[in-house]
Amino acid sequence: MSITWLLEKNLWDESLSIERACNTLGYKVKWLEYIPFSNLDFSNIQPEGETYIFHGSLNLAKKLRPHVKGVYCDLKQFECTTYYNYLGQFLLNDEYFMFPFGEVKRNYRLIFELLERHSGFIPTYAKAFIRPNKGDKLFTGQLIEYERFDKDFENLNYHDIDASEIVVFSYPKIIDMEYRFIICDKQIIGNSVYRYRGELASFSLSRQQDPVLFDYVERIANTWQPEPIFAIDIAKTPHGYKLLEINSFSCSGLYDADILNIVQKVSEFTLKENSYED
């Protein structure tokens, strides 16, 4: 049984690094292109004896997953209503509440009052953090300001969001640095800083540089897993390390992580799992 990585064209520069790693390790690569509103041809995917691993966009992952093994993107597992139940103790936004999106505008004063009780801010000068519940992220998590609520809410493009969708509110936090860790079978196989004081950054760390951080991530990885391979995003705050969110492996950027090691470990694990199933 051989390994083929399915990579999406014109998405990430790191896809070329994955291809180079595959060439080094002797794995094959097949390039796919996502074309909106088109039907993918799966006739040349999943031949006998082939194992696939996908890395690309959420849109393409959703099309591939019903037909192809090796798409690590079970979106239900990455909904806040799912993983908050298991990892709540680690969350940066551990004090939160959820609202149906269609009720946010009518209840925004109540929302800010509820947040004030836990944060101590003055509502008329306040900001609230809002993010979607779903793992495919209907919009990017962002701040909404009380005094300009209508304008900030409009910026969410709320006309495109179904009223029944759940959104999550919490009060803003101070974040110094953000990290992404790639987990495979409860083990860290790669990491990278991707934001420093609000600016994009990209460099990896060793356990020797920050053993506390690595131990913290491993605690999370061993507490609950949405899938055997996934990404953990961590925030460094004035109060220590906190869990920002978890993401699917197949649709997560790898930044400056050790791509050769990631490709090797993910390939070996997937091949082993598929051999058990056979």
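Residues numbered from 1 in each chain as written. Predicted model: local features only at pLDDT ≥ 70, side-chain atom pairs only at ≥ 80, totals over all residues. Heavy atoms only, no water.

1. Re the sheet that holds strand β12 (residues 240–248)
Move 1: Reading across from one edge, β10-β9-β8-β11-β12 is the order of the 5 strands in this open sheet, with antiparallel pairing throughout. The outermost strands of the open sheet, each flanked by one partner alone, are β10 (199–203) and β12. For this sheet the average axis-to-axis angle between neighbouring strands, irrespective of direction, equals 25 degrees.
Move 2: By the bridge criterion, 8 bridges tie strand β8 (residues 177–184) to strand β11 (residues 229–237) in an arrangement that is antiparallel. For Arg 180, the partnering residue across the bridge sits in β11 and is Asp 233. (Pairing = 2+ DSSP bridges. Helix = DSSP H or I, 4+ residues; strand = E, 2+ residues; numbered from the N terminus. Axes fitted to C-alpha atoms, helices over the stretch in contact; angles between N-to-C directions.)

2. Thoughts on the pattern of salt bridges
Move 1: This structure, assessed with the given rule, holds 15 salt bridges.
Move 2: Lys 62 is the partner of Asp 136 in a salt bridge, and the nearest nitrogen-oxygen pair spans 3.2 Å. Of this pair, Asp 136 sits in the loop between β5 (127–132) and β6 (142–145) while Lys 62 is found in helix α2 (residues 58–64), placing the two residues 74 residues apart along the sequence.
Move 3: With its nearest N and O atoms 4.0 Å apart, the salt bridge here joins Arg 65 to Asp 74.
Move 4: In this structure Arg 65 comes out as partly exposed when scored by relative accessible area, which is 36%.
Move 5: Sharing partners across several salt bridges, the network here consists of Arg 65, Asp 74 and Glu 227. (Salt bridge = Lys/Arg side-chain N within 4 Å of Asp/Glu carboxyl O. Buried < 20%, exposed > 50% of the residue type's maximum accessible area, 1.4 Å probe, protein only.)

3. Quick word on helix α6 (residues 211–223)
Move 1: Over its 13 residues, α6 runs 18 Å from end to end, which matches the ideal 18 Å to within 8%, given 1.5 Å per residue.
Move 2: Along α6, the residues that are buried comprise Leu 213, Phe 214, Tyr 216, Val 217, Ile 220 and Ala 221. One face of α6 carries all of its buried residues, which in axial projection span an arc of 160 degrees.
Move 3: On its buried side, α6 packs onto α3 (80–87), β8, β9 (187–196), β11 and β12. (Expected span 1.5 Å × (residues − 1). Arc of directions from axis to C-beta. Contact = heavy atoms within 4.5 Å.)

4. Focus: the side chain of Glu 50
Move 1: If you trace the backbone, Glu 50 turns up in strand β3 (residues 50–55).
Move 2: A distance of 3.4 Å separates a polar atom in the side chain of Glu 50 from a polar atom in the side chain of Lys 28.
Move 3: Setting aside residues up to four positions removed in sequence, Glu 50 forms contacts with Ser 2, Ile 3, Thr 4 and Lys 28. (Polar contact = N/O pair within 3.5 Å; in protein donor to acceptor, adjacent residues only side chain to side chain.)

5. A short note on the packing of aromatic side chains
Move 1: Under the counting rule described, the total for this entry stands at 16 aromatic pairs.
Move 2: These aromatic residues form a ring-pair network of at least three members: Phe 101, Tyr 108, Phe 112, Phe 139, Tyr 146, Phe 149 and Phe 153.
Move 3: Positioned above the aromatic ring of Tyr 171 is the side chain of Lys 173, whose terminal nitrogen or guanidinium carbon lies 3.9 Å from the ring centre.
Move 4: Lying across the ring of Tyr 194, Arg 180 places its NZ or CZ 5.4 Å from the centre. (Phe/Tyr/Trp six-rings, centres within 6.5 Å; stacked < 30°, edge-to-face > 60°. Lys NZ or Arg CZ within 6 Å of the ring centre and 35° of its normal.)

6. Comments concerning the sheet that holds strand β4 (residues 97–100)
Move 1: Here 4 strands make up an open sheet; going across it, the order is β4-β7-β5-β6 and the pairing antiparallel. At either end of the open sheet lies a strand with only one pairing partner, and these are β4 and β6. Ignoring strand direction, the axes of neighbouring strands in this sheet form an average angle of 35 degrees.
Move 2: Relative to strand β7 (residues 166–170), β4 runs antiparallel, the two being bridged by 4 bridges. In the sheet register, Pro 100 faces β7, and the bridge partner there is Ile 166.
Move 3: Those strands touched by α3 are β4, β5 and β7, and its axis lies near 110 degrees from that of β5.

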